[in-house]
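One-letter residues, chain by chain:
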Amino acid sequence: MQAIAQSHPNIALIKYWGKRDAVKNLPAVDSLSLTLGGLWTNMKVGFSSNFNRDELLINGVKDEPNLSRVSQCLDLVVGKNRDFARIESECNFPISAGLASSSSSFSALVVAANMAINKKSDIQLFAAQAGSISGSAARSLMGGIVELTNTSNTIKIKQLSKAKRWPLSVVIAITDKNKKSISSSRAMNLSSRSSPFYSAWIENQSPDMKEARLAVINKDFEKLAAVSEHNCLKMHSVMWTTKPSVVYWNAATLNCMHALRDLQQSGESVFFTMDAGPQIKAVCLPENEARIEKRLAEIDGVVSIMKSGLGGAPSSDISL
Ligand code: DP6
């Protein structure tokens with residue numbers, strides 16, 4: 001009763017922020033994301049009647065803080081009367097730092113756990129399971145450009161573009177590798193209760209989704225850039241106006257944004273997006289990647305750069 005899966009994190013261009021049902025963890029808005037092929041989480045899950053508790057190792061180190069959420073995910077997939085499990089996770093990027101590590105981790109966990117108990121692959125079921133633990137994780141069940149939509153009591157994911165059809169690049173400027181001060185789950189619940197902009201955020205999501213979907217279908221980079229930056233800044237405005245305010249950016253985040261705006265002025269095809277952390281993700285065309293990387297690396301406070309193309313769905317063709 002053991003299986004291994006690899007999954008990639010995804011970053012949203014049209015963001016999920018807020019829940020319509022906190023118990024089922026259903027998102028309040030639809031979202032659209034890019035699956036990053038260069039970043040990954042490998043997850044090994046083994047169940048045994050000889051274990052007397054669940055045990056989680058992240059990059060070889062025993063981890064307690066994340067264990068309850070992992071156990072909850074296994075209960076959901078396998079059932080509460082299951083054997084205990086040993087879960088080993090390896091990740092090639094900083095975790096809990098706004099780089100969507102929960103999306104790759106929980107999607108990989110759902111795939112590995114289902115495989116370990118010999119369940120037939122069912123992407124929409126896996127997405128619903130992953131999403132009920134971490135909303136963004138559902139989108140990592142597919143590669144390329146993915147949209148997540150709300151249906152009456154669940155979610156649906158759909159691939160809008162295969163990775164190869166529109167091979168975008170993402171240059172990530174890491175400005176702080178530490179764990180974020182407040183989890184996105186907690187922060188978005190606070191936002192829904194206290195930001196005066198929250199209702200406007202929810203109301204204006206469908207036009208952004210429509211515009212982004214059309215831009216992807218037409219491979220219209222400029223249109224995708226405009227709607228993605230707008231949507232990102234709207235989400236951060238909701239965060240900033242939450243009580244107490246949630247500000248994930250640091251000085252380098254803002255300096256990177258200005259640098260990318262300058263590059264846009266000089267004709268580079270690039271746009272930024274940021275999530276629940278201070279890292280900047282610059283989405284560009286592959287031919288612009290080297291210049292974007294060089295410029296971001298020069299900025300004070302940028303501690304490292306990661307690059308990624310778009311990637312595929314989770315795979316089980318790996319070893320750990
Ligand atoms: C800012 O998926 O981490 O990255 O469902 O509570 O686990 P939970 O939240 P999570 O939130 C992601 C928020 C975001 C935007 C996005 O990925 O769409």
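Keep in mind it's a predicted model, so treat the numbers as computed, not measured.

> Before we move on, could you go through the packing of helix 1 (residues 67-78) against helix 2 (residues 101-116) and cite the residues and values that matter?
Packing of helix 1 against helix 2 leaves a shortest axis separation of 10 Å and a crossing angle of 40°. Taken together, the axis directions place helix 1 and helix 2 in an arrangement best described as oblique. The two elements helix 1 and helix 2 cross, and the hand of that crossing is right-handed. Where helix 1 abuts helix 2, its residues Arg69, Val70, Cys73, Leu74 and Val77 lie against Phe106, Leu109, Val110, Ala113 and Asn114. Split by residue class, the contact of helix 1 with helix 2 holds eight nonpolar, one polar and one charged.

> Any chance you could break down the site of the ligand for me, citing the residues and the numbers?
Near the ligand there are 19 residues, and of these Tyr16, Lys19, Gly135, Ser136 and Ser185 occur at the shortest range. Separating an oxygen atom of the ligand from a side-chain N or O atom of Arg69 is a distance of 2.7 Å. Take Gly135: an N or O atom from its main chain is 2.6 Å from an oxygen atom of the ligand. Contact with the protein chains hides 94% of the accessible area of the ligand, taken as 460 Å² for the molecule alone. Looking at the shell around the ligand, the element that brings in the most residues is helix 4 (residues 184-194), giving three residues. In terms of residue class, the shell around the ligand is built from seven nonpolar, seven polar and five charged. When residues of the shell around the ligand are assigned to domains, at least three fall in each of domain 1 (2-162) and domain 2 (169-309).

> Quick one: what's the story with the pattern of salt bridges, residue by residue and with numbers?
According to the stated counting rule, one finds 16 salt bridges in the structure shown. Residue Lys223 pairs with Asp220 through a salt bridge whose shortest N-O separation is 3.8 Å. Overall, the relative accessible area of 49% leaves Lys223 in the partly exposed class. A relative accessible area of 25% places Asp220 in the partly exposed class. Between Asp275 and Lys281 there is a salt bridge; the shortest N-O distance is 2.8 Å.

> Provide a residue-level description of the environment of Ile14, including the pertinent values.
Its location among the elements puts Ile14 in strand 2 (residues 10-14). Residues Ile14 and Leu99 lie 85 residues apart in sequence; the distance between their C-alpha atoms is 16 Å.

> For the domain arrangement of the protein chain, give the residues involved together with the corresponding values.
Assigned domains of the protein chain: these are domain 1 (2-162) and domain 2 (169-309). For domain 1 versus domain 2, the distance between C-alpha centres works out to 22 Å. At the interface, 34 residues of domain 1 touch 45 residues of domain 2. For the pair domain 1 and domain 2, the summed buried area comes to about 3,100 Å², and 70% of that belongs to carbon and sulfur atoms.

> Mind laying out the sheet that holds strand 15 (residues 304-309), listing which residues take part and the relevant values?
Pairing in this open sheet of four strands is antiparallel, and the strands run 13-14-12-15 from one edge to the other. Edge strands, defined here as strands with exactly one partner in the open sheet, are strand 13 (270-273) and strand 15. Each strand axis lies, on average, 25° off the axis of its neighbour in the sheet, ignoring direction. Note that strand 12 (residues 169-174) and strand 15 share six bridges and pair antiparallel. Directly across from Ser169, in strand 15, lies its bridge partner Gly309. Along the sheet face, helix 8 (residues 251-265) touches strand 12, strand 13 and strand 14 (280-284) and points at about 160° away from the line of strand 13.

Criteria and cut-off values
Residues numbered from 1 in each chain as written. Predicted model: local features only at pLDDT ≥ 70, side-chain atom pairs only at ≥ 80, totals over all residues. Heavy atoms only, no water. Axes fitted to C-alpha atoms, helices over the stretch in contact; angles between N-to-C directions. Helix = DSSP H or I, 4+ residues; strand = E, 2+ residues; numbered from the N terminus. Parallel < 35°, antiparallel > 145°, perpendicular 65-115°, else oblique. Left-handed = near helix turned anticlockwise from the far one by under 90°. Contact = heavy atoms within 4.5 Å. Nonpolar A, V, L, I, M, F, W, Y, C, P; charged D, E, K, R; others polar. Near = heavy atom within 4 Å. Polar contact = N/O pair within 3.5 Å; in protein donor to acceptor, adjacent residues only side chain to side chain. Areas by Shrake-Rupley, 256 points an atom, 1.4 Å probe, with all protein chains shown as cover. Domains from an automatic or database assignment. Salt bridge = Lys/Arg side-chain N within 4 Å of Asp/Glu carboxyl O. Buried < 20%, exposed > 50% of the residue type's maximum accessible area, 1.4 Å probe, protein only. Buried area = accessible area lost by both parts, 1.4 Å probe. Pairing = 2+ DSSP bridges.

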